[in-house]
Amino acid sequence: MNRFALNFAVAVLAPLALLRPEAAPCQAVPTEERLAHISVTTLGSRGSAVILIPGLASPRAVWDGIAPELAKKHRVYLVQVNGFGGDAPGDNAKPGVLEGVAADLDRYIAAKGIEKPAIIGHSMGGLLAMMMGTRYPAATGRVMVVDALPFFSLLYGPTATVESARPFAEQARAKIIATPPTTVPVTTDPGGIWSISPEGRIEVANWSAKAAPAATGQALYEVMTTDLRPELGKLKAKPFTVLYATGAGPQAKTLWESGYAGSSATLVPIADSWHFIMLDQPAAFAKAVDEFLAAP
C-alpha cells in the first residue's frame, strides 16, 4: 500500500477506534420518521427533492452547513443510519446494513411519492447514493458522491479485491465492536486527516464516538467488501458528479480517476480539503452542490 492510501485508510478508520465519548446533542429537527435501517427528517416545503445521506458513523448534523439554505428552494430529506446518531442500531447491528438502507430509501421514496430525487451522499453515503442509482434507478434522479470510491478497499492498493479485503474488514469490525464506551468527550485535536482543521477533527471524532459500535462495525465491514465498479455502467443518473478532496496532492487525482474509470462520473476536485469537504471548504462545497442541482 502506498503512503497516500495508507494515510487515507487510517484517516477514515482511526476515529472509529477511539474511545467513544458522548458528543453534544444535535439540534433537534421535527418530523422524524424511523424505519428499520434509517430515520428521516425533512426541511423545506417546496421545490424539487434532495436526499442527503451522511457517511460512516456520522449523524445528519454533517449537513447542518448546507441543509437550511437548500431548504429555501428544495424539499430536503435528511437521512440518518440507525445507530449513527446516538440512537439504537436496530436492524443495523446485523448483516445487511447497506442493502437494508437502500431498500428503506426506495420504500420511503415510493411511499412519499417523491419524484426522481437528487441523492447526495458523503463517504458511505456516497456508496449508498451509487447503490440507489444502480439498483433502484426508478427511485433515483441525479447523484452526487462526496469523497467516496465505488470500492473503498482500493485504498489498500489498485489490485485489491473483495476477497483480499475481507480479512482486513473482519479485523476492523471486531476492533470497533470491542471498543468500550466512555463518557469523556474529545476536546483536543485527535489528529488524522478527516479535516484540515483541529476544530473539524474534534467534531468528527465526537460524531464517530457517539455511533453504536455494533452498527459502525457491521457497516464498515460491508463498505470494505462492496465493489460497485462492475455496476456503474447501470448508473444512468444525470448528472453523476463525484467531489473528491485534494489534500493528499496528485495521488488523490490518480486514485479517483482509476476508481471511476469507464463510468459516466464527472470528477470535481475540491482544493485544500480532506475527507469532510463540507467542513473544510463550505463555500466551495455549497457552490458545487448548487451547480449540481442546477445542471440540466
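Small disclaimer: the values here were computed from a predicted structure and weren't measured.

(A) Molecular detail of the overall build of the chain. Scanning the chain from N- to C-terminus turns up ten helices and eight strands. Buried residues in the chain amount to 55% of all 296 residues. Taking the intrachain contacts of the chain between residues at least 6 apart in sequence as the baseline, contacts between residues at least 24 apart amount to 79%.

(B) Expanded view of the sheet that holds strand β1 (residues 33-34). Taken in spatial order, the eight strands of this open sheet run β1-β2-β4-β3-β5-β6-β7-β8, and their pairing is mixed. Two strands close off the open sheet at either side, each with one partner strand: β1 and β8 (266-270). Pairing of strand β3 (residues 49-53) with strand β5 (residues 118-122), which is carried by four bridges, proceeds in the parallel orientation. Paired with Val 50 across the bridge in β5 is Ala 118. Strands in contact with helix α3 (residues 97-112) are β1, β2 (38-43), β3 and β4 (75-81); relative to β2, the strand with the most contacts, it is inclined by about 40°. Contacts between helix α8 (residues 250-259) and the sheet are confined to β7 (240-245) and β8, with β7 contributing the most and set at about 150° to the helix.

(C) Main features of the nonpolar core. Membership of the largest hydrophobic core comes to 60 residues, with the highest contact counts inside it found for Met 124, Met 130, Phe 240 and Tyr 260. Filtering out sequence-adjacent residues up to four positions away, Met 130 remains in contact with Val 145, Leu 149, Pro 150, Leu 228, Leu 232, Leu 235, Phe 240 and Tyr 260. Counting 32 residues, the second largest nonpolar core, distinct from the first, contains Leu 78, Val 204, Ala 205 and Ile 270.

(D) View of helix α6 (residues 198-210). With 13 residues, α6 ought to run about 18 Å at 1.5 Å a step, and its terminal C-alpha atoms sit 19 Å apart, in line with that. Burial in α6 covers these residues: Gly 200, Arg 201, Ile 202, Val 204, Ala 205, Asn 206, Trp 207, Ser 208 and Ala 209.

(E) Examining the side chain of Ser 195 more closely. Among the structural elements, Ser 195 can be located in the loop between α5 (162-178) and α6. Residue Ser 195 is classed as buried on the basis of its relative accessible area of 1%. In this view, Ser 195 contacts Gly 200, Arg 201, Trp 274 and Asp 280; residues no more than four positions away in its chain are not counted.

(F) Seen up close, the pattern of salt bridges. Inspection of the entire model under this criterion finds 13 salt bridges. In this structure, the salt-bridge partner of Arg 34 is Asp 87, at a minimum N-O distance of 3.0 Å. Pair noted here: Arg 34 is in strand β1 and Asp 87 is in the loop between β4 and α3, with a separation of 53 residues, a long-range link. The partly exposed category is assigned to Asp 87, whose relative accessible area is 23%. Glu 291 serves as the salt-bridge partner of Lys 287, at 2.5 Å between the closest nitrogen and oxygen. Residue Lys 287 and its partner Glu 291 are located together in helix α10 (residues 282-294), separated by four residues, close to a single helical turn. Residue class for Glu 291 comes out partly exposed when judged on its relative accessible area of 46%. Each of the salt bridges in this network shares a partner with another, and the network as a whole consists of Glu 99, Arg 135 and Glu 231.

(G) Representation of the packing of aromatic side chains. Applying the stated rule across the entire model yields six aromatic pairs. Relative to Tyr 108, the ring of Tyr 77 lies with its centre 6.0 Å away and its plane at 80°, an arrangement referred to as edge-to-face. Of this pair, Tyr 77 sits in strand β4 while Tyr 108 is found in helix α3, placing the two residues 31 residues apart along the sequence. Summarising the burial analysis for this pair, Tyr 77 and Tyr 108 share the class buried. Ring geometry for Phe 240 versus Tyr 260: centroids 6.2 Å apart, planes at 70°, classification edge-to-face. You can see Phe 240 sitting in strand β7 and its partner Tyr 260 sitting in the loop between α8 and β8, a full 20 residues away along the chain. Judged by its relative accessible area of 4%, Tyr 260 is buried. A cation over an aromatic ring shows up here: Arg 142 above the ring of Phe 292, its NZ or CZ 6.0 Å from the ring centre.

Calculation notes
- Residues numbered from 1 in each chain as written.
- Predicted model: local features only at pLDDT ≥ 70, side-chain atom pairs only at ≥ 80, totals over all residues.
- Heavy atoms only, no water.
- Helix = DSSP H or I, 4+ residues; strand = E, 2+ residues; numbered from the N terminus.
- Buried < 20%, exposed > 50% of the residue type's maximum accessible area, 1.4 Å probe, protein only.
- Contact = heavy atoms within 4.5 Å.
- Pairing = 2+ DSSP bridges.
- Axes fitted to C-alpha atoms, helices over the stretch in contact; angles between N-to-C directions.
- Core = buried A, V, L, I, M, F, W, Y, C linked by side-chain atoms within 4.5 Å.
- Expected span 1.5 Å × (residues − 1).
- Salt bridge = Lys/Arg side-chain N within 4 Å of Asp/Glu carboxyl O.
- Phe/Tyr/Trp six-rings, centres within 6.5 Å; stacked < 30°, edge-to-face > 60°.
- Lys NZ or Arg CZ within 6 Å of the ring centre and 35° of its normal.

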